Amino acid sequence: MRAVALMLTLCLSCMLPSLASSGDRSYVFFMCNRRCLSSLCNRSENGGPPDWNKVHPVDMLEDTIRWNCPRECRYRCMWKTVEAFVSDGLPVPQFYGKWPFLRLLGIQEPASALFSGLNLLLQFRYLALLCLQFDNRLPMFKYWIAQYLGSINAWLWSTIFHTCDVPFTEIMDYFSAVAFVMASIITLQRRVFPQHPLLNYALPFMVMGVFLRHVNYMIVHEFNYTYNMMFGVTFGELLALPLDQSFWSWLLASLWHQVKCSRRS
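Quantities reported herein were computed from a predicted structural model and do not represent experimental measurements.

A. Expanded view of the overall build of the protein. A tally of regular secondary structure across the protein gives eleven helices and zero strands. When the helices and strands of the protein are listed from N to C terminus, the series reads α-α-α-α-α-α-α-α-α-α-α. The contacts of the protein with a sequence gap of at least 6 include a subset with a gap of at least 24, amounting to 63%. Of the roughly 16,800 Å² of accessible surface on the protein, 67% is carried by carbon and sulfur atoms.

In structure tokens, the structure reads:
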């Protein structure tokens, strides 16, 4: 069954780049954002600061995470669009590939930022335990160190991104998460097949090539949240396959069946 799920995931990952968010492309959102930018963000005739600074004083935290008038307009219009969809009996839409969020003190997704930060602290804790309680001469020691550093990097950018959603933090969050998943494949290979010389040299180059191809597609062609997520899920499935007893049982049974059929023929 996992093999079937993997094939479906691969198919979905090929189709999903063409999907778009209905919320930010709706007429309600477009007109609301247009009016908000015109009335709230336009500078005064004498070239003074935006009127938004007068009606919405920015505190220190919001200023630090670069919360500005266009982002405020998108936030307000997002919820107005959600209300319009719900009142018409339509499901809650996504915006720019993501679900609506509640802002707190300028933090765009406070719950996600909190849990990402807690995960980050746990990674630091377990990295410290690894360094203190295990001999650094163990064969897998350096791989686990690299694994925890990759995890720390991924959760760090996840925390930053959910706190401040701007293009740079979005790129770093998405690519750091995918890089961690891809690196985990190499760590797993070294743990399960440590004496396989071909895999030891070929797999890192293969994984790096796939990762760079993914980055190139996201940057050059289309930066798509759903595609990036499905890409990570697909390789997460690949990562889980060597640990899935049912998959190996199915594979061995299939190979044995082919051997018996070839002998009969």
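B. Quick look at the environment of Asp 165. Note on placement: Asp 165 falls in the loop between α7 (141-163) and α8 (167-192). When sequence neighbours within four positions are dropped, the list of residues in contact with Asp 165 reads Arg 71, Lys 98, Gln 108 and Glu 170.

C. Representation of the packing of aromatic side chains in the model. According to the stated counting rule, one finds eight aromatic pairs in the structure shown. Ring centres 5.7 Å apart and planes at 35° place the aromatic pair Tyr 75 and Phe 101 in the tilted group. Linking Tyr 75 in helix α5 (residues 69-87) with Phe 101 in the loop between α5 and α6 (110-133), this pair joins segments that are 26 residues apart in sequence. According to the relative accessible area criterion, Tyr 75 is buried, its value standing at 13%. A connected cluster of aromatic rings, assembled from ring pairs, spans Phe 161, Tyr 174, Phe 175 and Phe 223. Over the aromatic face of Tyr 126 sits the side chain of Arg 125, whose NZ or CZ is 5.3 Å from the ring centroid.

D. Representation of the side chain of Asp 173 in the model. The residue Asp 173 is located in helix α8 in this model. Taking relative accessible area as the criterion, Asp 173 reaches 10% and is therefore assigned buried. Apart from residues no more than four positions distant in its own chain, Asp 173 is found in contact with Ala 154, Trp 157, Ser 158 and Phe 161.

E. Up close: the pattern of salt bridges. All told, the structure shown has two salt bridges when counted by the stated rule. With its nearest N and O atoms 2.9 Å apart, the salt bridge here joins Arg 137 to Asp 135. The exposure class assigned to Arg 137 is exposed, which follows from its relative accessible area of 70%. The partly exposed category is assigned to Asp 135, whose relative accessible area is 33%.

F. Up close: the state of the cysteines. Evaluated as defined, the whole model comprises two disulfides. The disulfide partner of Cys 36 is Cys 73, and the gap between their sulfur atoms is 2.0 Å. Because the torsion about its S-S bond is -80°, the bridge between Cys 36 and Cys 73 counts as left-handed. A residue pair is termed long-range when its members are at least 10 positions apart, and Cys 36 in helix α2 (residues 27-41) and Cys 73 in helix α5 qualify at 37 residues. Assessed through its relative accessible area of 10%, Cys 36 is described here as buried.

G. Representation of the UniProt feature "transmembrane region" (unreviewed entry) in the protein. As recorded in UniProt, the feature "transmembrane region" (unreviewed entry) lies at residues 171-189 and 201-219. For residues 201-219, the end-to-end C-alpha separation is 28 Å, with 100% helix and 0% strand making up the annotated structure.

H. Structural detail: the packing of α2 against α5. It is at 9 Å that the axes of α2 and α5 come closest, and there the two elements cross at 145°. Crossing of α2 against α5: the hand is right-handed. Here Val 28, Phe 29, Cys 32, Asn 33, Cys 36, Leu 37, Leu 40 and Cys 41 of α2 come into contact with α5, specifically with Cys 69, Pro 70, Cys 73, Arg 74, Arg 76, Cys 77, Met 78, Lys 80, Thr 81 and Ala 84. Here the residues of the contact of α2 with α5 are counted per class, giving 13 nonpolar, two polar and three charged.

I. Examining the packing of α7 against α8 more closely. Running from N to C, α7 and α8 point in directions that differ by 160°, and their axes come no closer than 8 Å. With respect to each other, α7 and α8 are oriented roughly antiparallel. The way α7 lies across α8 gives a crossing that is left-handed. The residue inventory of the contact of α7 with α8, partitioned by class, reads twelve nonpolar, nine polar and four charged.

The rules behind the values
Residues numbered from 1 in each chain as written. Predicted model: local features only at pLDDT ≥ 70, side-chain atom pairs only at ≥ 80, totals over all residues. Heavy atoms only, no water. Helix = DSSP H or I, 4+ residues; strand = E, 2+ residues; numbered from the N terminus. Contact = heavy atoms within 4.5 Å. Areas by Shrake-Rupley, 256 points an atom, 1.4 Å probe, with all protein chains shown as cover. Phe/Tyr/Trp six-rings, centres within 6.5 Å; stacked < 30°, edge-to-face > 60°. Buried < 20%, exposed > 50% of the residue type's maximum accessible area, 1.4 Å probe, protein only. Lys NZ or Arg CZ within 6 Å of the ring centre and 35° of its normal. Salt bridge = Lys/Arg side-chain N within 4 Å of Asp/Glu carboxyl O. Disulfide = S-S within 2.5 Å. UniProt positions renumbered as here; feature names shortened; annotations may be inferred. Axes fitted to C-alpha atoms, helices over the stretch in contact; angles between N-to-C directions. Left-handed = near helix turned anticlockwise from the far one by under 90°. Nonpolar A, V, L, I, M, F, W, Y, C, P; charged D, E, K, R; others polar. Parallel < 35°, antiparallel > 145°, perpendicular 65-115°, else oblique.

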